[in-house]
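Commentary on secondary and tertiary structure
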Amino acid sequence: MATFLYRLGRGAFRRRGLVALIWVALLFAAGFGAASAGAPTSGSFSMPGTEAQKAFDLLDEKFPGMSADGASARIVIKAPQGAKITDEANKAQVQKIVSGLQEGPGKAQVASIADPFQVQAVSQDGSTAYVSVKYTVSGMELKDDTRDALTGSGTAAKAAGLTVEIGGDALMTVPESGSGEVIGIAVAAVVLVITFGSLIAAGLPLLTALIGVGIGVSTVTALANVLDLGSTTSTLAMMIGLAVGIDYALFIVSRYRVELAEGHPRDEAAGRAAGTAGSAVVFAGLTVVIALVGLAVVNIPMLTKMGLAAAGTVVIAVLVALTLVPSILGFAGRKVLPAGRRSKLLGKGRPADAEPKANAGTRWARFVLRRPVVVLLLGVIGLGAIAVPAGKLEMGLPDDGAQPVSTTQRRAYDLLSEGFGPGFNGPLLVVVDGGKKLADETADRIKGLDGVAVVVPPTPNEAGDAAIITVIPKDRPSSAKTEALVHDIREGSGDDVLVTGATAMNIDFSQKMNDALLPYLALVVGLAFLLLMVVFRSILVPLKAALGFLLSVVAALGAVVAVFQWGWLGSVFGVEQTGPIMSMMPIFMVGVVFGLAMDYEVFLVTRMREAYVHGERPGQAVVTGFQYSARVVVAAAVIMIAVFAGFIGASEQMVKMIGFGLAVAVFFDAFVVRMAIVPAVLALLGHKAWWLPRWLDRILPNVDVEGESLRKHLEAAGTAEGPDKDRELVNA
């Protein structure tokens, strides 16, 4: 493979004009497709195989007018202190709200409006009422005049002294990511300038990564409505694509400069960089793709689409690194070298064959080799302590109760809890596939269960062969008692009585995530273990990589729990409201972090393997690996952390939480696991680290990620120039 990538990189360098033109054309084509497509929707959510989903499907069949796709809103009105909402003046204000929505702008998208005085939507103390509004389209598809009519519906009532707040998904908008991504890219630029000492070399990874992400995200946007992709899919694809795009280009450019420093002509250096570092890029990208595509085993369409979209941007990032980066290097000439040719890669002006001065990576590796047990214990114990909060992980899907207290959605949620009870924000829908007798029997049975506040009489469909029973729990939607109530209803019912609603969906979703976690881990870690075994020709090195990943991801989950669930340092990270961790967070972090963690494992340990294969002792091979790779790996990790941390400023809690979790996980994995635990373990294992049974060595394919076959091929072909002549080319 190294030989193929060598030819690909050198060919892209020599035909740089054509290659660059193709990528720019792809960028414009994807951009045109995105601009021509409609605005992305929130994406449909389904959970095949769960009872809640079966109930929704039955609702669509038996109650066709009650589609779950349309947005809904609750306008909550509370009378002033000492007054009642049923007073004539206050009642008139509520009816103005109803008539304004029925007859005003945006009425074309209104499916139904429930007058609270006709449907008994008034609290027992008479202080609070709510108006239920159902729309024909999702919240993301509401027109501006419809949304303005909703948000402005209570203006007159507020002027009259009433409290009016609005909840529901009708207020859903495209999440704002703020300026965080810009700051993240700016940090990445600073790190690249420090690393390379050249503005041209620093700008190259940023430029190529932005082109790759532009193509990937634009393609996702163009296909959003066709493939029913959620509004956050493109954000997550951009997050992953930008991080790996910069890193992969960074490794190619860094290796290119090393090859130049060794005296190779520019096209030869580009080919060798693609053949060596490019091999590591391919396998690193492959592990990320495996982890993201593996999300399909969860069998949640939304999560599968998110994983596939992000995997697509990673594939583009790999292709950009192997083709576009060498072509741009051809345009850059020798400007990728620092001014004055005082590159650290060139030894700050020393002859290329002089003994290089020990850099920070070399000194750190030697320190770890002297004290491997101490470093190993400190790393494991430190991450273990941070992982402790993960044992108290509470999962759930966010609702308006998780919104900041400054939002009208949260205030409406609180008003409903005060006026009608905490369970009113999470009603259960019991769908009965049968006639009136079965529906009445079911309602009577539910009334006798613990945790039930109200059971609304069954509402039959037009055919009379099905009914809906609304059950209001006594406790809040995310409580353990409400979950127990859902299980009690289901256990006492047959196949013709199904429980659904947001609360039941949340319970089923969390259960589905828990059930899928171990099979997903086995699939992803197993495939990646086999891949790394092929790359490193070892059993213990891939095993150590997998165990180190598990330690870092559990520690990252512990940090997420501490910040987003417990509120520790919440104000620092903009967490206004604590609550359960999103159910998809653990499995999504496992998928993404595993792929990214293997990036550093491949880039760092490949250099160690290369040195060991060429005859160095195990300890010296570790030092050599750090000497050549530590600086670049640290820069790559800082860049990735900066990019992910930039999404902490997003307005949507899901994006904020994922950005924080990934940034912390990369920090733990890169700086604690890969930079400390990995060299300590390798130092303790010695030669055993690279042991592979002979029979297994014969079976496994030789992918030559170290480029040994490429070196032999070049030596045999006589393509390499003499070192003296090449040094003249570099210094010219």
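**Re the pattern of salt bridges**
As enumerated under the stated definition, the model contains 16 salt bridges in all. In this structure, E418 and K78 form a salt bridge, with 3.7 Å as the shortest nitrogen-oxygen distance. On the criterion of sequence distance, the pair formed by E418 in helix α14 (residues 408–420) and K78 in strand β1 (residues 72–78) is long-range, its members being 340 residues apart. Exposure remark for K78: the relative accessible area of 27% places this residue in the partly exposed category. Among the charged side chains, a network of salt bridges with common partners joins K544, E601, D669 and R674.

**With respect to the pairing of strand β10 (residues 497–500)**
Of the two faces of β10, the one holding V497 and V499 and the one holding L498 and T500 are both buried throughout. Here strand β6 (residues 428–432) runs beside β10; their pairing, made up of four bridges, is antiparallel. Looking across to β10, one finds that V432 is bridged to V497.

**Quick word on the sheet that holds β1**
Pairing is antiparallel across the open sheet formed by four strands, whose spatial order is β2-β3-β1-β4. Since the sheet does not close on itself, it has two edges, and those belong to β2 (110–114) and β4 (163–167), each with one partner. When the angles between neighbouring strand axes are averaged without regard to direction, this sheet yields 20°.

**A closer look at the environment of V380**
Inspection of the secondary structure puts V380 in helix α13 (residues 372–387). According to the relative accessible area criterion, V380 is partly exposed, its value standing at 36%. Spatially, the C-alpha atom of V380 lies 7.8 Å from that of L551, the residues being 171 residues apart in sequence. The contact partners of V380, leaving out residues within four places of it in the chain, are L551 and I677.

**A word on empty space enclosed by the protein**
This structure, assessed with the given rule, holds two cavities of 30 Å³ or more. As a volume, the largest cavity reaches approximately 70 Å³. Lining the largest cavity are T208, A209, G212, V213, G241, G245, A249, T313, I316, A317, V320 and A321. For the lining of the largest cavity, the element with the highest residue contribution is helix α11 (residues 301–332), accounting for five residues. Counted as a void, the second largest cavity has a volume near 30 Å³. Per element, the largest residue contribution to the lining of the second largest cavity is four residues, and it comes from helix α17 (residues 502–536).

**Description of the confidence of the model for the protein chain**
On average, residues of the protein chain carry a pLDDT of 82, and 89% of them reach 70 or more. At the low end of the mean pLDDT range in the protein chain sits helix α24 (residues 723–731), at 38; at the high end sits α13, at 95. Counted against residues more than four places away or in other chains, residues 340–354, with its pLDDT under 50, gives 21 contacts. Note that pLDDT drops below 50 for residues 719–732; the model gives that stretch 23 contacts with residues more than four away or on any other chain.

**Considering the packing of helix α9 (residues 233–261) against helix α10 (residues 266–293)**
Closest axis-to-axis distance for the α9/α10 pair is 8 Å, and the angle between their directions is 155°. By the angle class used here, α9 and α10 are roughly antiparallel. Crossing of α9 over α10 shows right-handed handedness. The residue inventory of the contact of α9 with α10, partitioned by class, reads 15 nonpolar, three polar and four charged.

**Overview of unusual backbone geometry**
The backbone phi angle of N299 is positive, close to 65°, even though this residue is not glycine. Looking at the secondary structure, you find N299 in the loop between α10 and α11. By relative accessible area, which is 40% here, N299 ends up partly exposed. Not every positive phi belongs to a glycine, and R537 is a case in point at roughly 50°.

**A short note on the packing of aromatic side chains**
Counting across every chain of the model gives 10 aromatic pairs. Both rings, one in Y612 and one in W690, keep their centres 5.6 Å apart while their planes meet at 25°; by these two values the pair is stacked. Separated by 78 residues along the polypeptide, Y612 in helix α19 (residues 585–613) and W690 in the loop between α21 (653–685) and α22 (694–699) bring together distant segments of the chain. Classification of W690 as buried rests on a relative accessible area of 9%. Taken together, the ring pairs connect Y130, F420 and F424 into an aromatic cluster. A cation sits over an aromatic face here: R74 above Y130, 5.2 Å from the ring centre. Above the plane of the ring of F117 lies K91, whose end atom (NZ or CZ) is 5.1 Å from the centre.

**Details of the side chain of T503**
With respect to the element layout, T503 can be found in helix α17. Its relative accessible area of 4% is what places T503 among the buried residues. Beyond its immediate sequence surroundings of up to four residues, T503 is in contact with G426, L428, P477 and T482.

What counts and what doesn't
Residues numbered from 1 in each chain as written. Predicted model: local features only at pLDDT ≥ 70, side-chain atom pairs only at ≥ 80, totals over all residues. Heavy atoms only, no water. Salt bridge = Lys/Arg side-chain N within 4 Å of Asp/Glu carboxyl O. Helix = DSSP H or I, 4+ residues; strand = E, 2+ residues; numbered from the N terminus. Buried < 20%, exposed > 50% of the residue type's maximum accessible area, 1.4 Å probe, protein only. Pairing = 2+ DSSP bridges. Axes fitted to C-alpha atoms, helices over the stretch in contact; angles between N-to-C directions. Contact = heavy atoms within 4.5 Å. 1 Å grid on protein atoms, 1.4 Å probe; cavity = no way out; pocket = protein on both sides within 12 Å on 5 of 7 lines; lining within 4 Å. Points joined across faces, edges and corners; volume = space filled by probe spheres on them. pLDDT = per-residue confidence, 0-100. Parallel < 35°, antiparallel > 145°, perpendicular 65-115°, else oblique. Left-handed = near helix turned anticlockwise from the far one by under 90°. Nonpolar A, V, L, I, M, F, W, Y, C, P; charged D, E, K, R; others polar. Phe/Tyr/Trp six-rings, centres within 6.5 Å; stacked < 30°, edge-to-face > 60°. Lys NZ or Arg CZ within 6 Å of the ring centre and 35° of its normal.

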